[in-house]
Amino acid sequence: MSFADPRPLFQKALSQSFAMGAFNVYNLETVQAAVSAANDTSVPLFIQASKGAISYAGLDCLVALVSAAIQDCPIPIVLHLDHGEDFDICKKCVDAGFSSVMIDGSSLPYMENIKLTKEVVDYAHKKGVAVEAELGQLKGVEDDVSVEESTYTDPAQAADFVQKTGCDSLAISIGTSHGAYKFSGTATLDFARLALIKKVIEEITGYPYPLVLHGASSVSMDWIAHAEKYGAVLGDAKGVPEDLLQKACKMGVAKVNVDTDLRLAMTARVRESLVENPKNIDPRKYLSSGRQEIQNTIEHKIRTFGGRE
Ligand code: G3H
Ligand code: 13P
Ligand code: ZN
């Protein structure tokens, strides 16, 4: 199998009212967990790597690892760059064989975001690679960039942006945020804004347009408690409740990004394994516990996003 083009997969997901999960990877265990989850559920998914993941694993190593892992997987898997910050990293990933890249110009002034996104779209499309862009800003920390307050996506600007850039999907800001500390009070998403963004973009494109939700981990209290039982200190962590994500998926979100929940599941299981087996010094034993829990979490996400009953 080679990496899948996400565009027909988005159309299939939108026509069946489910969203594809996009899962962050950075090593053998995370890659194997994602591929096994796709195999077991028979639902296509995104495997995505951030700039931080690429510098941790090495670009060539990561591409070779994911390529090898999907060889016997009959389910379409998209290899995607998460939060590409400039043209250079997007070009490197396109050239290295990714089937999808994100150019994240959301921190730039509007016209500069358009210019940068269009530049990436022109390059990527020539090579058959899809492009996700972002408009509006999410609170939280990605790599070394920290955003204090969200700026919600403006619907009219979103339609103009898609028309001017030709991006294949758009990440929007409607209340989610990156990391494990998303809400201090009640968790809410701006569904009216989501509906309007979708409507005005589709008046321009004339076809169902894939919206993307970043910062969509649910940060389960059970997993927080489990990690804390084995020594983690996580404080007031809080994520996006699953019923809000389900509503967003039914309203036309076609891709949902999850990283924090995978980190939490793996960390909790590895901590448990180390504490419960103090004589073990074989990393394969605790890493395989972590890998299995990432797989379980991804399969749960796939069902939550409507990909499988
Ligand atoms: O949205 C960002 C992802 O969670 C990636 O995080 O940059 O620490 O790999 P990272
Ligand atoms: P979480 O931090 O909520 O998992 O979001 C991940 C993400 O948006 C990756 O791009
Ligand atoms: Zn993100």
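Because the structure is predicted, anything quoted here is derived from the model rather than measured. (Residues numbered from 1 in each chain as written. Chains lettered and ligands numbered in written order. Predicted model: local features only at pLDDT ≥ 70, side-chain atom pairs only at ≥ 80, totals over all residues. Heavy atoms only, no water.)

## Thoughts on the state of the cysteines
Here the structure, examined in full by the defined rule, presents zero disulfides. Cys-93 supplies the cysteine sulfur nearest to Cys-90, a cysteine that is in no disulfide, at a spacing of 7.1 Å. Assessed through its relative accessible area of 1%, Cys-90 is described here as buried. Of the cysteine sulfurs around Cys-249, a residue in no disulfide, the closest is that of Cys-167, at 19 Å. Relative accessible area serves as the criterion here: at 4%, Cys-249 is assigned to the buried category. (Disulfide = S-S within 2.5 Å. Buried < 20%, exposed > 50% of the residue type's maximum accessible area, 1.4 Å probe, protein only.)

## So, the environment of Tyr-209
Positionally, Tyr-209 belongs in the loop between helix H8 (191-205) and strand E9 (211-213). Sequence separation between Tyr-209 and Lys-198 is 11 residues, and the spatial gap between their C-alpha atoms is 7.0 Å. Those residues within four positions of Tyr-209 in sequence are excluded, and the remaining contacts are Leu-14, Val-162, Cys-167, Asp-168, Ser-169, Leu-170, Lys-198, Ile-201, Glu-202 and Gly-252. (Helix = DSSP H or I, 4+ residues; strand = E, 2+ residues; numbered from the N terminus. Contact = heavy atoms within 4.5 Å.)

## Considering the side chain of Ser-177
Mapped onto the fold, Ser-177 is located in the loop between strand E8 (169-172) and H8. Take Ser-177: its relative accessible area is 1%, and that puts it in the buried class. Apart from residues lying up to four places away in sequence, Ser-177 is in contact with Leu-138, Lys-139, Lys-182 and Gly-215.

## A closer look at the pairing of strand E1 (residues 20-24)
A large share of E1 lies buried, amounting to five of its five residues. Summarising the sheet, E1 and strand E2 (residues 45-49) pair through three bridges and their orientation is parallel. Residue Asn-24 lies in a different strand from E2, and its bridge partner there is Gln-48. For the segment spanning E1, helix H2 (residues 28-41) and E2, crossover handedness is right-handed. (Pairing = 2+ DSSP bridges. Right-handed = clockwise from strand over helix to strand, strands pointing away.)

## Brief notes about the site of ligand 2
Lining the immediate surroundings of ligand 2 are 16 residues, of which Asp-82, Lys-182, Ser-217, Asp-259 and Thr-260 lie closest. The separation between an oxygen atom of ligand 2 and a polar side-chain atom of Asp-82 is 2.7 Å. Backbone polar atom of Asp-259 to an oxygen atom of ligand 2: 2.7 Å apart, as the coordinates give it. Burial of ligand 2 by the surrounding chains reaches 97%, relative to a free accessible area of 310 Å². (Near = heavy atom within 4 Å. Polar contact = N/O pair within 3.5 Å; in protein donor to acceptor, adjacent residues only side chain to side chain. Areas by Shrake-Rupley, 256 points an atom, 1.4 Å probe, with all protein chains shown as cover.)

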